[in-house]
Amino acid sequence: MKNEEIRIKLPRPTPVQQKILNKASRYNAVAMGEKAGKTTLGIEVILASPRGAIAGGPPVAWFAPTEDAIIEVRRAIMRAIDPLVKPVTSSSKKHAGRKRIELITGGAIDFYSMEEPAEIFEQYGLIVVDDVCRIQSFLSSWEFVLAETLREHQGDAWFLSGAYGKNNDFYRLFDQGS
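What you see is a predicted model, and the numbers here were worked out from it, not measured in a lab.

**Student:** Quick question: what am I supposed to make of the pairing of strand β2 (residues 60-64) here?
**Tutor:** Regular strands place side chains that alternate from one sheet face to the opposite one. Of all 5 residues that make up β2, 5 are buried, and the element is covered over most of its length. In the sheet, β2 pairs with strand β4 (residues 108-113) via 5 bridges, with the strands oriented parallel. If you follow Phe-63 over to β4, its bridge partner there is Tyr-112. Note that β2 and strand β5 (residues 126-129) share 4 bridges and pair parallel. The residue bridging Phe-63 from the neighbouring strand is Val-129, located in β5.

What follows is the structure in structure tokens.
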């Protein structure tokens, strides 16, 4: 069997996004204005960062405030990496409830809505949480659920949001990191 080169096209990070990527650490809280490319930055991180899905390491996960937001970002990711997506098999169907995408590189991406947070027992090398300020009681979810998913692999976390004032958990999280 001949090895074929597979090409995918990811959006090029803007200069601001590239600066954020260059300063990445284990935990990253990113506050950007509306339409500044937070979700696009998150897609770059979850796919192409050193711990991203394309690298083929431990699974990664995307969390969003609503099911609609999950559907939208999952479609964008599928469009970007379609040639890398493994065909659905009977063994991969067991992850259908959490909308897993498995890649031919060995990586996997799970998607969760925070509307009805399920018990999450999977361990991840990286999580991205989009629109944090729109997630009710986020700090509690982070402390008691999401942080635990990073334990085994000493995973990274990215928290993306607009600040939307000081009366939300994203502001408190961002303020703790300052």
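**Student:** How should I be thinking about the sheet that holds strand β3 (residues 101-102) in this particular structure?
**Tutor:** Two modes of strand pairing occur in sheets, parallel and antiparallel, and in both the strands are linked by backbone hydrogen bonds. Reading across the sheet, the 6 strands line up as β1-β6-β5-β2-β4-β3 and stay open at both edges, with mixed pairing between neighbours. Each edge of the open sheet carries a strand with a single partner, namely β1 (27-31) and β3. This element, helix α3 (residues 67-81), spans β2, β3 and β4 of the sheet and lies at about 160 degrees to β4.

**Student:** Can you walk me through the pattern of salt bridges in this structure?
**Tutor:** Any two side chains of opposite charge can pair, on the condition that their charged atoms come close. Enumeration according to the criterion identifies 7 salt bridges in this entry. Residue Arg-51 is joined to Asp-156 by a salt bridge in which the shortest nitrogen-to-oxygen separation is 3.7 Å. Note that Arg-51 is positioned in the loop between α2 (38-48) and β2 and Asp-156 in strand β6 (residues 156-161), a separation of 105 residues in sequence. Between Arg-151 and Glu-148 there is a salt bridge, with the nearest N and O atoms lying 2.5 Å from each other. On the basis of relative accessible area, Arg-151 is assigned to the exposed category, the value being 55%.

**Student:** Just to check I follow, could you spell out α3 for this structure?
**Tutor:** Think of an α-helix as 3.6 residues a turn; residues three or four steps apart then line up on the same face. The terminal C-alpha atoms of α3, which comprises 15 residues, lie 21 Å apart, in line with the 21 Å expected from a rise of 1.5 Å per residue. Along α3, the residues that are buried comprise Ile-70, Val-73, Ile-77, Ala-80 and Ile-81. Mapping the buried residues of α3 onto a view down its axis gives an arc of 95 degrees, with all of them on the same face. Set apart from the buried face of α3 by more than 90 degrees, the exposed residues are Asp-68, Glu-72, Arg-75 and Arg-79. Buried positions along α3 lie against α2, β2, β3 and β4.

**Student:** Where do I start with the layout of surface pockets in this structure?
**Tutor:** Gaps left between atoms are located by rolling a probe of water-molecule size over the structure's atoms. By volume, the largest pocket is sized at about 490 Å³. Lining the largest pocket are 20 residues; nearest its centre among them are Lys-35, Thr-39, Glu-72, Asp-130 and Asp-131. Within the residue set of the lining of the largest pocket, elements represented by two or more residues are α2, β2 and α3. Residues that form the lining of the largest pocket fall into these classes: 9 nonpolar, 4 polar and 7 charged.

**Student:** When you look at the side chain of Arg-100 in this model, what are you seeing that I'm missing?
**Tutor:** With respect to the helices and strands, the residue Arg-100 is situated in the loop between α3 and β3. Within the local environment of Arg-100, its side chain forms a polar contact with the side chain of Asp-110, the two groups lying 2.6 Å apart. Of note is the side chain of Arg-100, whose polar atom sits 3.4 Å from the side chain of Glu-122.

**Student:** So what exactly am I meant to see when it comes to the confidence of the model for the chain here?
**Tutor:** Detailed reading of the predicted coordinates is not advisable wherever pLDDT falls low. Residues with a pLDDT of 70 or more make up 86% of the chain, whose mean pLDDT is 86. At the level of individual helices and strands, the chain shows its lowest average pLDDT in helix α5 (residues 169-177), which scores 68, and its highest in β5, which scores 97.

Parameters and conventions
Along every chain, residues carry numbers that run from 1 in the direction the sequence is written. Thresholds applied to this predicted model are a pLDDT of at least 70 for local features of residues and 80 or more for the giving and counting of side-chain atom pairs; totals over whole chains, interfaces and linings are not thresholded and use all residues. Hydrogens and water molecules were not included; the side-chain quantities draw on all heavy atoms of the structure. When accessible area is computed with a 1.4 Å probe and restricted to protein chains, residues below 20% of their type maximum are described as buried, those above 50% as exposed, and intermediate ones as partly exposed. Comment: elements are numbered from the N terminus, with helices defined as DSSP H or I runs of at least four residues and strands as E runs of at least two. Paired strands, as defined in this entry, are two strands with at least two bridges between them according to DSSP. Here, residues are in contact when the closest pair of their heavy atoms is within 4.5 Å. Interaxial angles span 0 to 180 degrees and are taken between N-to-C directions of axes, which are lines fitted to C-alpha atoms, for helices over the stretch in contact. Between Lys or Arg on one side and Asp or Glu on the other, a salt bridge is scored when a side-chain nitrogen of the former is within 4 Å of a carboxyl oxygen of the latter. Any helix carries an expected span of 1.5 Å times its number of residues minus one. To be clear, the arc concerns the directions from the helix axis to the C-beta atoms. Cavities and pockets are found on a 1 Å grid laid over the protein atoms alone: a cavity is a set of points where a 1.4 Å probe fits but cannot escape, a pocket is an open set with protein on both sides within 12 Å along at least five of seven lines, and a lining residue has an atom within 4 Å of such a point. Grid points are joined across faces, edges and corners, and a volume is the space filled by probe spheres set on the points. When residue character is reported, Ala, Val, Leu, Ile, Met, Phe, Trp, Tyr, Cys and Pro are called nonpolar, Asp, Glu, Lys and Arg charged, and the others, Gly included, polar. Throughout this description, a polar contact denotes any pair of N or O atoms lying within 3.5 Å of each other; where both atoms belong to protein, one of them has to be capable of donating a hydrogen while the other can accept it, and for residues adjacent in sequence the pair is counted only when both atoms sit in side chains. Predictor confidence is given residue by residue as pLDDT, running from a minimum of 0 to a maximum of 100.

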